Amino acid sequence: MTELAPDIDHFLQSATFGEDPFADIAERSKKAGLPEIQVSAVFGRWLQLMARILHADVVLEVGTLGGYSAAWLASGIAQGGRVISFEIDPHHADVARENLASISLEDYVDVRVGPALDTIPLLHDDPHVAGRVDLAFIDADKQNNPSYLDLIVPLCRPGAVIVVDNVVRGGSIIDNSRDDVSTVGSRDVLHLLGRHPRLDATAMQTVGTKGHDGFAFAFVN
Ligand code: SAH
Ligand code: DHB
Ligand code: MG
């Protein structure tokens, strides 16, 4: 069943939106030695449409890598909007800034370097951000996903959406013998989404160019 998934991803892409406008970013990131773990094109497109549906002005991203998903998000934000993207690795951040400048998106994405556990809390004092986040995409080190969720929910406006990537991990989340930090962080964030007083959540499995995985998403009340 799943061996057709990458071809199906390409068919779905070509049927519904055609060329990947950000394929060069993925290519340049690969040449710069970054791991090829960015979202698929169809998922990037979905993130762009979410930003448009929400009329998003303030988007947060945890985990910039080379700026591929940031480019999709930035291309969906409202006039005057911003993506604030957190990245721990200065080299990744440099590559992302160069990539975004190469397609004139540098003014729409603010890449903040440092461990996101330290840099996200700085936003609680920023009047342009606190309580005004429309969309958040959590896609960095999975072990900290519960903490990222706890830090981001208070920054969100009612009606915001939070997306958490890679929560299925080939099924390891239901394998009780798996206790690696990424699996535990992904499992724990799902339970936290389910019991959080401000969130209504669900999660979906995906197959495609990136194998068997999935994402969670939540509406912020
Ligand atoms: N969202 C990107 C992919 C992100 S890959 C895309 O789809 O294009 C995960 C990124 O998170 C990597 O660049 C990694 O360096 C970064 N990261 C890992 N731990 C982090 C931390 N503690 N704080 C911020 N970024 C982190
Ligand atoms: C990895 C991280 C991701 O965010 C992803 O989408 C796929 C793989 C990883 O760390 O291997
Ligand atoms: Mg991911």
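For the structure, see preceding data.
Bear in mind the structure is a predicted one, so any value in this text is a computation, not a measurement. Residue numbers here run from 1 along each chain, matching the order of that chain's written sequence. Lettering of chains starts at A and numbering of ligands starts at 1, both following the order in which they are written. Since the coordinates come from a predicted model, pLDDT governs what is reported: local features require at least 70, and pairs of side-chain atoms require 80 or more to be given and counted, while whole-chain, interface and lining totals use all residues. To get the side-chain values, all heavy atoms of the structure are used, and hydrogens and water are removed first.

Asks: Residue-level account of the site of ligand 2, with values.
Replies: Think of it this way: one heavy atom of a residue within 4 Å of a molecule or strand is enough to make that residue near it. The full set of residues close to ligand 2 is I37, D139, K142, D165, N166 and K210. Nitrogen and oxygen atoms within 3.5 Å of one another constitute a polar contact, given that in protein one can donate a hydrogen and the other can accept it, and given that sequence-neighbouring residues count only through two side-chain atoms. One nitrogen or oxygen atom from the main chain of I37 is found 3.4 Å from an oxygen atom belonging to ligand 2. In this structure, an oxygen atom belonging to ligand 2 sits 3.4 Å away from a side-chain N or O atom of D165. Calculation of accessible area relied on Shrake-Rupley with a 1.4 Å probe; when residues are assessed, cover is drawn exclusively from the protein chains displayed. Here ligand 2, which alone exposes 290 Å², has 64% of that area covered by the protein.

Asks: Break down the packing of helix α1 (residues 5-16) against helix α3 (residues 41-53) for me, citing the residues and quoting the values.
Replies: It is at 9 Å that the axes of α1 and α3 come closest, and there the two elements cross at 45°. Comparing the axis directions of α1 and α3 gives the class oblique. Contact residues: D9, L12, Q13 and T16 in α1; A41, V42 and R45 in α3. Gly is placed with the polar residues, together with every amino acid not listed as nonpolar (Ala, Val, Leu, Ile, Met, Phe, Trp, Tyr, Cys and Pro) or charged (Asp, Glu, Lys and Arg). Tallied by class, residues from the contact of α1 with α3 come to three nonpolar, two polar and two charged. Axes here refer to lines fitted to C-alpha atoms; in helices the fit is confined to the stretch in contact. Angles between the N-to-C directions go from 0 to 180 degrees. To qualify as a helix, a DSSP run of H or I must reach at least 4 residues; to qualify as a strand, a run of E must reach at least 2; elements of each kind are numbered from the N terminus. An angle below 35 degrees is read as roughly parallel, one above 145 as roughly antiparallel, one from 65 to 115 as roughly perpendicular, and any other as oblique. In this description, contact between two residues means that some pair of their heavy atoms is separated by no more than 4.5 Å.

Asks: Tell me about the coordination of the magnesium ion (ligand 3), and name the residues and values.
Replies: Distances define the donors: N, O and S atoms within 2.8 Å of the metal qualify, as do those within 3.2 Å of Na, K or Ca. Water is excluded, so some sites may look unfinished. Only D139 (OD), D165 (OD) and N166 (OD1) from the protein coordinate the magnesium ion (ligand 3), and they sit 2.0 to 2.2 Å from it. Categorising residues by exposure relies on relative accessible area from a 1.4 Å probe, with only protein chains included: less than 20% of the type maximum marks a residue as buried, more than 50% marks it as exposed, and the intermediate range marks it as partly exposed. Looking at D165, the relative accessible area reads 7%, which means it is buried.

Asks: Can you break down the packing of helix α7 (residues 145-152) against helix α8 (residues 181-195) residue by residue, with the values?
Replies: The relative placement of two packed helices is expressed as an angle between their axes plus a distance between the axes. Look at α7 against α8: their axes get within 8 Å of each other, and the N-to-C directions meet at 35°. On the side of α7, the interface is formed by N145, P146, L149 and D150, while α8 contributes G185, S186, D188, V189, L192 and L193. Taken together, the residues of the contact of α7 with α8 sort by class into five nonpolar, three polar and two charged.

Asks: Describe the packing of aromatic side chains, and please don't skip the residues or the numbers.
Replies: Any Phe, Tyr or Trp ring, taking Trp's six-membered ring, that has another such ring centre within 6.5 Å forms a pair; planes under 30 degrees apart are called stacked, those over 60 apart edge-to-face, and the others tilted. Applying the stated criterion across every chain, the model contains eight aromatic pairs. Plain terms: the ring middles of F43 and F137 are 5.9 Å apart, the flat faces sit at 70° to each other, and that makes the pair edge-to-face. With a gap of 94 residues between them, F43 in helix α3 and F137 in strand β4 (residues 133-138) connect regions that are remote in the sequence. Both residues of the pair, F43 and F137, count as buried. With a centroid separation of 6.0 Å and an interplanar angle of 50°, the aromatic rings of F215 and F217 are classed as tilted. You can call F215 buried: its relative accessible area is 9%. The exposure class of F217 is partly exposed, given its relative accessible area of 23%. By the ring-pair criterion, three or more aromatic residues cluster together here, those being F43, W46, F137, F215 and F217.

Asks: Describe the site of ligand 1, naming the residues involved and giving the relevant values.
Replies: Inspection of the region around ligand 1 gives 22 residues, with G63, S69, E87, H92 and D139 positioned closest. At 2.6 Å from an oxygen atom of ligand 1 is found a side-chain nitrogen or oxygen belonging to E87. One of the side-chain N or O atoms of Y148 is found 3.2 Å from a nitrogen atom in ligand 1. A total of 590 Å² of accessible area belongs to ligand 1 in isolation, and the protein chains cover 90% of it. Counting residues per element, the ones that place at least two in the shell around ligand 1 are α4 (68-74) and β2 (82-87). The residue makeup of the shell around ligand 1, split by class, is 11 nonpolar, six polar and five charged.

Asks: Explain α3 to me, and be specific about the residues and the numbers.
Replies: Counted at 1.5 Å a residue, the expected span for α3 with its 13 residues is 18 Å, and the 18 Å between its end C-alpha atoms agrees. Once α3 ends, the next one or two residues include H55, with phi positive near 50°. Expected helix span is given by 1.5 Å per residue-to-residue step, counting one fewer step than there are residues.

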